[in-house]
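Close look at the chain arrangement
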Amino acid sequence: MDRKFFIVANPYSGEGKAQAALMRLKKRLDQLDFYYAVFITPQSEILDEFIEENLFTDTTDLVVIGGDGTINASLNAIRKYPMVMSFIPVGTGNDFVKTIDIGSDLDEQIETIIHGRERLIDVGICNKRKFINGIGIGFDGQMVYENLHTKSIFSGHLKFYMHVLKILWTYRSKYYVVNMDGQRLEMKLILMAVQNGTTFGGGFKLNPDAKIDDGLLNICTIGRMTSFRRFLNIGRLNFGKHGKLPEVNFFQAKELRVEPNDMLLAHLDGEYIGSPPFNISISEKFLRIRVKS
Ligand SMILES: Nc1ncnc2c1ncn2[C@@H]1O[C@H](COP(=O)(O)OP(=O)(O)OP(=O)(O)O)[C@@H](O)[C@H]1O
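Structure report, in brief. None of these values were measured; they are calculated from a predicted model. Here the residue numbers are simple positions, counted from 1 along each chain's written sequence. Predicted model: local features are reported for residues with pLDDT of at least 70 only, side-chain atom pairs are reported and counted for 80 or more only, and whole-chain, interface and lining totals are derived from all residues.

Helix and strand counts for the chain come out as seven helices and 15 strands. Relative to the globule expectation of 19 Å for 293 residues, the C-alpha radius of gyration of the chain, 19 Å, shows essentially globular dimensions. Referenced to the eigenvectors of the C-alpha coordinate spread, the extents of the chain come out at roughly 60 × 45 × 35 Å. Put simply, of all contacts in the chain between residues at least 6 apart along the chain, 73% involve residues at least 24 apart. Going along the chain from the N terminus, every DSSP run of H or I of four or more residues is numbered as a helix, and every run of E of two or more is numbered as a strand. Computation of the radius of gyration draws on C-alpha atoms alone. For the globule rule, the value is 2.2 Å times the number of residues to the power 0.38. Here contacts are defined at the residue level, using C-beta atoms placed from the backbone and a cut-off of 7 Å between them.

Printed below as a string of structure tokens:
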């Protein structure tokens, strides 16, 4: 079957790096005489619906040029179609691609889009919305909320890390009631990260042992911790070395319910989604993606 590429490019991701990546990809596809169409995303709460409306049904390859939010919207747009997804990560955090190998520079990533091997991966579902990387409830949900709603003289990474510092200092632990594969747990936590991938927040490896094709959700919880200890230990998260801290626990589950609590804010693949209740599950080997190795 002839390949047909549908390219979703977000001009806003990562402060506008998509344009240059799109030009290079188009040039390479032209050289190889491949058919492609380009969809430039609009700013919208229902981005997935816009993508779905514009997709042609015989697309073989859906290429996302954007960050985790654009990958998420594309994932939720292709529910009826058996296409392979590939990525050029130009977002701010680009957390999902840190779990896979798509090549380290633009040229390698473009070759992966064209010649990479197919891999079948799991996809998470939260209240009927799919996620590829994960859901952060508590501390990092608060961060995404404040990044969205607070004006700042900074932008991009700098704005994000200013919020990390402020919230790291001020955030108070909250009460979670959770049901994990039938087991009820009540905990006071700073955060709960429910993930398919390993990384959140632009490089924090909260679930370093997560595998994207094992049919399981990996869950990291961090309990009450003084502000001083948070500052002392945050560096460990960059290397996934937080597991030895007494406040940290890891779980694996197929299904999870987080009971209502308006004090808890959450994000799904980096996009703010409000407060629980959340019914979360995993769809094993649901999505085909293209990787380098
Ligand atoms: N044309 C546009 N103008 C402004 N915002 C847009 C536009 N197109 C999409 N968006 C918004 O971009 C957001 C998704 O951005 P995306 O996640 O891809 O990049 P990022 O936030 O820089 O990266 P990451 O999530 O990896 O940190 C969505 O909230 C979407 O509404």
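Note: α-helices contain 3.6 residues per turn, so residues at a spacing of three or four share the same orientation. Exposure classification rests on a simple neighbour count of other C-beta atoms within 10 Å of a residue's own: a residue reaching 20 or more is buried, one at 12 or fewer is exposed, and one in between is partly exposed. C-beta atoms are placed from the backbone. Taken together, the buried positions of helix α4 (residues 106-115) are occupied by Gln-109, Ile-110, Thr-112 and Ile-113. End-on view of α4: buried residues confined to an arc of 155°, all on one side of the axis. Of the exposed residues in α4, the ones pointing more than 90 degrees away from its buried face are Asp-107 and His-115. In this structure, the buried side of α4 is in contact with α1 (18-31), β3 (61-66), β4 (84-89) and β15 (278-291). Relevant arc is that of directions from the helix axis to the C-beta atoms, nothing else.

Another aspect to go through is the pairing of β3. Counting buried residues in β3 gives six out of six residues, a clear majority hidden from the surface. Of the two faces of β3, the one carrying Asp-61, Val-63 and Ile-65 and the one carrying Leu-62, Val-64 and Gly-66 are both buried. Only strands joined by at least two bridges in the DSSP assignment are considered to pair. Bridging between strand β1 (residues 4-9) and β3 involves five bridges; their strand directions are parallel. Looking across to β3, one finds that Ile-7 is bridged to Val-63. The pairing of β3 with β4 spans six bridges and is parallel.

The environment of the ligand is made up of 21 residues, and the closest members are Ser-13, Gly-67, Gly-69, Gly-91 and Gly-93. Sorting elements by how many residues they give to the shell around the ligand places helix α3 (residues 68-77) first, with three residues. Along the lines of polarity and charge, the residues of the shell around the ligand split into four nonpolar, 15 polar and two charged. Each residue gets a C-beta atom placed from its backbone. If that atom is within 6 Å of a molecule or strand, the residue is near it. Only Asp, Glu, Lys and Arg are considered charged, only Ala, Val, Leu, Ile, Met, Phe, Trp, Tyr, Cys and Pro nonpolar, and every remaining residue, Gly among them, polar.

For the rest of this paragraph, the subject is the pairing of strand β2 (residues 35-40). With six bridges joining them, β1 and β2 adopt parallel strand pairing. What sits directly across from Phe-6, in β2, is Ala-37. A right-handed crossover is one whose linking path, passing over the helix from the first strand to the second, runs clockwise when the strands point away from the viewer. Handedness of the crossover is the feature at issue here: the chain leaves β1, passes through α1, returns alongside β2, and the resulting connection is right-handed.

Moving on, we come to the packing of α1 against α4. As a packed pair, α1 and α4 sit with axes 10 Å apart at the nearest point and diverge in direction by 50°. One way to sum up the angle between α1 and α4 is to call them oblique. Handedness of the α1/α4 crossing: right-handed. Along the contact surface, α1 presents Ala-21, Arg-24, Leu-25 and Arg-28, while α4 presents Leu-106, Ile-110 and Ile-114. Residue composition of the contact of α1 with α4, by class: five nonpolar, no polar and two charged. For helices, the axis comes from a line fit to the C-alpha atoms of the stretch in contact; other axes are also lines fit to C-alpha atoms, and the angle between any two N-to-C directions lies between 0 and 180 degrees. Any angle that falls under 35 degrees is termed roughly parallel, while one over 145 is termed roughly antiparallel, one within 65 to 115 roughly perpendicular, and all others oblique. For a crossing to be left-handed, the near helix must be turned anticlockwise from the far one by less than a right angle; the clockwise case is right-handed.

Time to look at unusual backbone geometry. The phi angle at Asn-127 is positive, at roughly 45°, despite the residue not being glycine. Its location among the elements puts Asn-127 in the loop between β5 (117-126) and β6 (129-131). Judged by the 12 C-beta atoms lying within 10 Å of it, Asn-127 falls in the exposed class. A positive phi angle, near 45°, is found at Lys-285, a position not held by glycine.

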